[in-house]
Amino acid sequence: METSEGFSLNSESELSFTTQLDTPDTAKYKYGVHLQTSDSFLRFPSPLTSSLCTDDNPAAFLVNQAVKCTRRINLEQCEEIEALSMAYYSSPKILRVPGLRAKAEIPITVHSILIQSLNKTLTQLEDTVMLNQTLVEAGHVKICTNVVLEVKYSLTYTSAGEITQAGLSLLLGTVSQAVVPLEQKFEIHFIQQNTKPVLLSGNPGYVVGLPLVAGFQPQKGSGIIQTMNRYGQFTVLRSTAEQDCLAVEGIRTPVLFGYDMQSGCKLRLPQAITCQLAVKKVKNLLKGQGFPDYVAPFGNSQAQDVLDWIPVHFITQASHMKDSCQLPVALFIEVKWTKYGSLLNPQAKIVNVTASLISSPFPETDSGNERTVLISTAVTFVDASAPAKAGFRARPTINARLPFNFFFPFV
């Protein structure tokens, strides 16, 4: 999977990029592809080799970013610096699909403008009219007003890889010589059309009764893949009144944080079924179709932060009988969590997840009758928090020595 960290374009890359615009093969945006505009690409200033802003950094499709960078500016020339103007960020028109200029161009709509004064007070403007930065003399001090401090892009796209809407929120402020060099913030977020926002299971810590956030990693180096159904990311077998495993196949119940659960059913095995086929059938019943590889430590963990996620340790336990086929009969899941953060407002954080698959020898039949096997699952939450201890300051130790002739001439 491509990554789209910021980089600047030289003359050769600009030439190849221009050539790519005219190729008719790209009919939709793909992950990491630069967002093209009517004249070039959508610029997303970012710090590269230093903290200074690089304006030739392209925004990439489906890559959410939030960065800070600084600019060294001459306050007396603030009216001439494009990167400080509102029009620099609102005037580009994004191509609906890359490479086809004949298609409709999406204008950037300004949704909100906030004005920040020198004393950090904020005022929201009712109108979203274009404002230009202006150099003003206030007594013996020169200030520049309507300078862009924060830029937030919000782009709406379809499942076909087309941009349909582009929104912009700005924070304009007043800059004096005291705040030079100037710090700016830039954000860009992508929202799929006709989809509801994904609800969280906590912010940041898990909330009791909400489902565990889980997923799997298809290949090393990629992000965590999750199903859109938040109640289907980590599930176990669901019990029914019939207690028939074949009747409840595919019926799952979500694992809810803080709730210990136990379920089970009866599996009737005909005489003709082999042990290998029964093992495959029982494993599908216990694990379901998409048993996760990772669990999020917090309820709001991001899928791209793979190193923060907790791997599910899968353990298989079987009897010591030799030359016997082992049939899984139970799945025990233990979730260890701890209280994280301040004592006044501790947050629930998952630190370890272990799934144990228990197997037993394959049952033998008596006089041709079918065999009945009890299948069960259990989920246990264990509080692994260390007890809080009040801290006391250690008593100070005095290590003072008198000079050897302090009592001279009396001693």
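Residues numbered from 1 in each chain as written. Predicted model: local features only at pLDDT ≥ 70, side-chain atom pairs only at ≥ 80, totals over all residues. Heavy atoms only, no water.

Pulling in residues and values, what's your account of the overall build of the protein?
Helix and strand counts for the protein stand at three helices and 20 strands. Across the 411 residues in the protein, those meeting the buried criterion constitute 39%. Nonlocal contacts in the protein, meaning residues at least 24 apart in sequence, comprise 67% of its contacts between residues at least 6 apart. A total of about 24700 Å² of accessible surface is found on the protein, and carbon and sulfur atoms cover 52% of it. (Helix = DSSP H or I, 4+ residues; strand = E, 2+ residues; numbered from the N terminus. Buried < 20%, exposed > 50% of the residue type's maximum accessible area, 1.4 Å probe, protein only. Contact = heavy atoms within 4.5 Å. Areas by Shrake-Rupley, 256 points an atom, 1.4 Å probe, with all protein chains shown as cover.)

Please set out the nonpolar core residue by residue, giving values where relevant.
In this structure, Leu212, Phe234, Val295, Ile333, Ile350 and Ile375 are the most contacted members of the largest nonpolar core, which totals 46 residues. Mapped onto this core, the elements with two or more residues apiece are strand S13 (235-237), strand S15 (261-269), helix H3 (275-287), strand S16 (294-295), strand S18 (326-340), strand S19 (347-361) and strand S20 (371-383). Take this core: its biggest share by element is seven residues, from S18. (Core = buried A, V, L, I, M, F, W, Y, C linked by side-chain atoms within 4.5 Å.)

Quick rundown of the side chain of Thr37? Include the residues and the values.
Structurally, Thr37 can be placed in the loop between helix H1 (11-21) and strand S1 (46-47). Overall, Thr37 belongs to the buried group, its relative accessible area being 0%. Only 2.9 Å separates the side chain of Thr37 from the side chain of Asp39, close enough to count as a polar contact. If we ignore the near neighbours within four places in the chain, the residues touching Thr37 are Leu42, Pro92, Lys93, Ile94 and Leu95. (Polar contact = N/O pair within 3.5 Å; in protein donor to acceptor, adjacent residues only side chain to side chain.)

Residues and numbers for the state of the cysteines, please.
Under the counting rule described, the total for this entry stands at four disulfides. Between the sulfur atoms of Cys275 and its disulfide mate Cys325 the distance is 1.6 Å. For the disulfide bridge between Cys275 and Cys325, the dihedral angle about the S-S bond is near -80°, and by the sign convention the bridge is left-handed. Here the residue Cys275 occupies a position in helix H3, and Cys325 occupies one in the loop between strand S17 (310-317) and S18, the gap between them amounting to 50 residues. On the basis of relative accessible area, Cys275 is assigned to the buried category, the value being 8%. Numbered by order of appearance in the sequence, the disulfide-linked cysteines of the protein pair as 1-2, 3-4, 5-6, 7-8. (Disulfide = S-S within 2.5 Å.)

Help me get a handle on a nonpolar patch on the surface, residues and values and all.
The grouping of Leu402, Phe406 and Phe407 at the surface amounts to a nonpolar patch, some 350 Å² of accessible area in total. For Phe407, the location among the structural elements is in the segment after S20. Residue Phe407 is classed as partly exposed on the basis of its relative accessible area, which comes to 48%. (Patch = residues over 30% accessible without salt bridge, like charges linked within 9 Å, V, L, I, M, F, W, Y side chains within 5 Å. Salt bridge = Lys/Arg side-chain N within 4 Å of Asp/Glu carboxyl O.)

I'd like a rundown of the sheet that holds S17, residues and numbers included.
Taken together, seven strands build an open sheet; the order of strands is S12-S16-S17-S19-S18-S20-S15 and the sheet is mixed. Each edge of the open sheet carries a strand with a single partner, namely strand S12 (214-215) and S15. Here S12 pairs with S16 via two bridges, running antiparallel. By the bridge assignment, Ala214 is partnered in S16 with Val295. Sitting on the sheet, H3 is in contact with S15, S17, S18, S19 and S20, with an inclination near 25° to S18. (Pairing = 2+ DSSP bridges. Axes fitted to C-alpha atoms, helices over the stretch in contact; angles between N-to-C directions.)

Which residues make up the pattern of salt bridges, and what are the values?
Tallying each qualifying case throughout the model produces five salt bridges. A salt bridge links Glu150 to Lys185, with the shortest nitrogen-to-oxygen separation between them at 3.9 Å. On the criterion of sequence distance, the pair formed by Glu150 in strand S9 (residues 141-157) and Lys185 in strand S11 (residues 182-192) is long-range, its members being 35 residues apart. Notably, a salt bridge pairs Lys339 with Asp383, separated by 2.8 Å at the nearest N-O pair. With a gap of 44 residues between them, Lys339 in strand S18 and Asp383 in strand S20 connect regions that are remote in the sequence. The exposure class of Lys339 is partly exposed, given its relative accessible area of 45%. Judged by its relative accessible area of 37%, Asp383 is partly exposed.

Tell me what's going on with the packing of aromatic side chains, and back it up with residues and numbers.
With the rule as written, the count across this model stands at 12 aromatic pairs. Each ring, one from Phe44 and one from Phe186, has its centre 6.3 Å from the other, and the planes form 70°; the classification is edge-to-face. Of this pair, Phe44 sits in the loop between H1 and S1 while Phe186 sits in strand S11; the two residues are 142 residues apart in sequence, bridging distant segments of the chain. Residue classification places Phe44 among the buried residues on the basis of a relative accessible area of 0%. Ring centres of Phe61 and Tyr157 lie 5.4 Å apart, and the angle between their planes is 80°; on these two criteria the pair is classed as edge-to-face. Remark: Tyr157 occurs in strand S9 and Phe61 occurs in the loop between strand S2 (53-54) and strand S3 (65-71); sequence separation between them is 96 residues. Across the pair, exposure class does not vary: Phe61 and Tyr157 are buried alike. Taken together through their ring pairs, the aromatic side chains of Tyr29, Phe61, Tyr157 and Phe190 make up a single cluster. A cation over a ring is seen here: Arg43 above Phe41, with NZ or CZ 4.9 Å from the ring centre. (Phe/Tyr/Trp six-rings, centres within 6.5 Å; stacked < 30°, edge-to-face > 60°. Lys NZ or Arg CZ within 6 Å of the ring centre and 35° of its normal.)

So what's going on with the pairing of S11? Which residues, and what values?
Pairing of S3 with S11, which is carried by seven bridges, proceeds in the antiparallel orientation. When the sheet's bridge partners are listed, Thr70 is paired in S11 with Glu183. For S9 and S11, the ladder comprises eight bridges, and the chain directions are parallel. Counted as the bridge partner of Thr156 is Ile191 from S11.

Run through H3, naming residues and quoting values.
Taking 1.5 Å per residue, 13 residues should reach 18 Å; H3 reaches 18 Å between its end C-alpha atoms and fits that length. For H3, every residue scored as buried is listed here: Cys275, Ala278, Val279, Val282, Leu285 and Leu286. One face of H3 carries all of its buried residues, which in axial projection span an arc of 130°. Counted as exposed and oriented over 90 degrees from the buried face of H3: Gln276 and Lys280. Those residues of H3 that are buried lie in contact with S13, strand S14 (252-254), S15, S18, S19 and S20. The positive-phi residue at the C-terminal boundary of H3 is Gly288, with phi of around 75°. (Expected span 1.5 Å × (residues − 1). Arc of directions from axis to C-beta.)

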